Each structure stands twice: as C-alpha cells, then as structure tokens.
Amino acid sequence: MANYALWAPARPWRVTASDRLMSEDLQLSDHRIVLCGANGTLGRAIARKLADEGTHLALLGRNIEAMKAVADGLPNSASGRRHLVVQCDLGQQPSIDTAIDTAEKDLGGIDVFISAAGASQGGIFWELDDAAWQRNLEVKLFGTLRILRSVSARMTQSNRGRIVIVAGNSAEKPDPRMLPGAAANAALLTIVRGLADELKPRGVTINAVSPGPVRSPRLDALMKAEAERSGVTPEQATAAFLERSGVRELAAPEDVADYVAFFASNLSSYLTGTSITV
Ligand SMILES: NC(=O)c1ccc[n+]([C@@H]2O[C@H](COP(=O)([O-])OP(=O)(O)OC[C@H]3O[C@@H](n4cnc5c(N)ncnc54)[C@H](OP(=O)(O)O)[C@@H]3O)[C@@H](O)[C@H]2O)c1
C-alpha cells in the first residue's frame, strides 16, 4: 500500500529511504523464494520480512532443527502454504543440487534466490594461516559460487528470476583484522557485476546487499576475539571497530532485510549487477 507520509515519527534520524520504500506494496505475494542461510541473524530477519509479504519460502541451511524453529514462527504464504525447510551444506555440490531440486519441485519453480549464508573469522594478517583463509573463503565465496551455479542454470532455462546476494561492505572498507571475509565479499561483488551481463539477456537479475556492521552474535563473537587479541574489553573493541568503520550506530538485521526484499521485488526490475550498501 503506497504511503508517502512526509511527517517523520519520533525518531526522525531513523526515517530512511528504506522506511518510505518499504511502506510500498512490494507485490511479492506468493512469490516462490529460496533463502539460503535462513537460520542466521540476517537470514531470520529476511525470512520474517518476506513471509510478512506473503511469499512462499524454502529455507535452506545445515541446521534443520534451527530452520524448523524459524519456519514455525512465520505466517503462511498468502495462499496459506507452509514454508519448506531443506537441508543444504554449501560445502557439498551434491547437497546443494539436491536442495535446490527439492525446493524447485515443492514450490513449483523459483522466482527469487537469496543467499545470506556465511562464516568468517578475524585475525592479525600474519597469524592467519592458509587453513584459516581457506575456512573463511570456503562457505562465503565457494559455497555461494556453488549454489549460484545451480540456481542460475535453472533460472536461465525458465528465462526469469531474481538473485540477491548478501555480501558485505567490508569489500569496500576492509577492516585490517577481518581481511578474509572482506576478500570473499569483494570477490562476490565482482561476480555479481560480471554475471549480471551473462544473465541479463536471459531475463534474470542479480544484485547484492552489502551490510556494514549489524547487531548480531556474529559481530559479538568477532569483537570478543578481537578484544582477547588486543587485551581490551569487548565493548572497547566494538567502539574502536565502529570508529574505524565510520558508523555511529550498528544497523539492525531488519534494516538489511528491507533492502533484500526490495531487490527481490518488481520495484528493482531495472536494476542488475549493482549493490546497495546498508
Ligand atoms: N552480521 C553482520 O554484521 C554482517 C555484516 C556484513 C555482512 N554480513 C554477511 O551476512 C551473511 C549472514 O550474516 P549473519 O550475521 O546472519 O551470520 P550468522 O548468524 O552466522 O549466520 C550464518 C548462516 O550461514 C549458514 N551457513 C554457514 N555455513 C554453512 C554451510 N556450510 N552450508 C549452509 N549454510 C551455512 C548458517 O546456517 P547453519 O547454521 O544451518 O549452518 C547460518 O544460517 C554472512 O555472509 C556475513 O558475512 C554480516
């Protein structure tokens, strides 16, 4: 429902383009959406936003019980269908192909694919060995590549679809203590830009949402590890990190979910190969 209210509520500095945009009807009702990383902090917020829009979701990830708990807390799709939960390990191409197959059959097709999965670890550059880099790149970069391969092949056959990748603003503003995750994000943004040209003539768009730091257990864990390394408290480590990042306030997962929903919707029809920094 359109609502171009010009008057700001109580927190004027928090009224953003996203607030205006998201008061639009995103026309996502009964869209068939596959969401990978559905039980993560951002994944849960994205699932909630999309379920509230009436979509039919397939929730993918490794931890089936955690995903069932997410699904149980969501309203059914606009036509009353329950959301699907499918096990998927991004480390294994067969697991990915089976999960996408299952989702496609159950939903009756895939209109939108969203990747919000990832795993990252920080550290001082000269203390991160090959194994640490490989662990970091394995899920976020190679896992996303594997699932993109599976999904894009199907979408190009049906000549339609939208793909949204949750990357990270560390691609543009790398923190020296979190370089592996930043490198994975930078590679993903390059792939989004390049793959967009391949997909465009085939009716498929691909875009990225690049969050800065978001309030999440992931960030807490990274800050705790950084605090131990630097001999400060987690609060001090977080304050120093925010100062380096140039942000005054951590975003909420819902802020990120709004932009993912925008890219999933027809409002983004003419956008591809781009990225929004949140
Ligand atoms: N939180 C932030 O501040 C922030 C900022 C910028 C970018 N990001 C990016 O946003 C994404 C999500 O972040 P988050 O905070 O929501 O992370 P999170 O809470 O740690 O969630 C990570 C998700 O990835 C899934 N996952 C991990 N390994 C997997 C594997 N091998 N196969 C399938 N799924 C796997 C997890 O599912 P299972 O538990 O089922 O394995 C979980 O759903 C990440 O890529 C992160 O880099 C986050």
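Quantities reported herein were computed from a predicted structural model and do not represent experimental measurements. (Residues numbered from 1 in each chain as written. Predicted model: local features only at pLDDT ≥ 70, side-chain atom pairs only at ≥ 80, totals over all residues.)

Novice: Is there a simple way to think about unusual backbone geometry in this case?
Specialist: Leave glycine aside and you will find that most residues have negative phi; peptide bonds, for their part, are mostly trans. Its identity as a non-glycine residue notwithstanding, Asp 30 has a phi of 65 degrees, on the positive side. Counting through the fold element by element, Asp 30 comes out in the loop between helix H1 (17-21) and strand E1 (32-36). (Helix = DSSP H or I, 4+ residues; strand = E, 2+ residues; numbered from the N terminus.)

Novice: Explanation requested: the site of the ligand in the structure shown.
Specialist: Lining the immediate surroundings of the ligand are 30 residues, of which Gly 40, Gly 61, Leu 90, Gly 118 and Gly 168 lie closest. Broken down by secondary-structure element, the contributors of at least two residues to the shell around the ligand are helix H2 (41-52), helix H5 (130-158) and helix H7 (217-230). In terms of residue class, the shell around the ligand is made up of 12 nonpolar, 14 polar and four charged. (Near = placed C-beta within 6 Å. Nonpolar A, V, L, I, M, F, W, Y, C, P; charged D, E, K, R; others polar.)

Novice: How should I be thinking about the environment of Lys 105 in this particular structure?
Specialist: Relative to the helices and strands, Lys 105 resides in helix H4 (residues 93-107). Judged by the 10 C-beta atoms lying within 10 Å of it, Lys 105 falls in the exposed class. Each C-alpha atom of the pair Lys 105 and Val 232 lies 51 Å from the other, and the pair is 127 residues apart in sequence. (Buried ≥ 20, exposed ≤ 12 C-beta atoms within 10 Å, placed from the backbone.)

Novice: Explain H5 to me, please; I cannot follow it from the model alone.
Specialist: Each turn of an α-helix holds 3.6 residues, which means side chains three or four residues apart point in the same direction. The end-to-end C-alpha separation of H5 is 40 Å, in line with the 42 Å expected for 29 residues at 1.5 Å each. Along H5, the helix axis deviates most sharply at Glu 138, where the bend reaches about 50 degrees. Within the span of H5, buried status applies to Asn 136, Lys 140, Leu 141, Gly 143, Thr 144, Ile 147, Leu 148, Ser 150, Val 151 and Met 155. Its buried side turned inward, H5 meets E1, H4, strand E4 (112-115), strand E5 (161-166), helix H6 (179-199) and strand E6 (204-210). Just downstream of H5 lies Asn 159, where phi reads positive at about 60 degrees. (Expected span 1.5 Å × (residues − 1). Bend = angle between axes of the 7 residues up to and from the residue. Contact = placed C-beta atoms within 7 Å.)

Novice: Help me out: how do you make sense of the pairing of E1 in this one?
Specialist: Residues in a regular strand point their side chains to alternate faces of the sheet. Most of E1 sits inside the fold, with five of its five residues counted as buried. Viewed along the sheet, the connection from E1 through H2 into strand E2 (residues 56-61) turns out right-handed. Summarising the sheet, E1 and E4 pair through four bridges and their orientation is parallel. Paired with Ile 33 across the bridge in E4 is Val 112. (Right-handed = clockwise from strand over helix to strand, strands pointing away. Pairing = 2+ DSSP bridges.)

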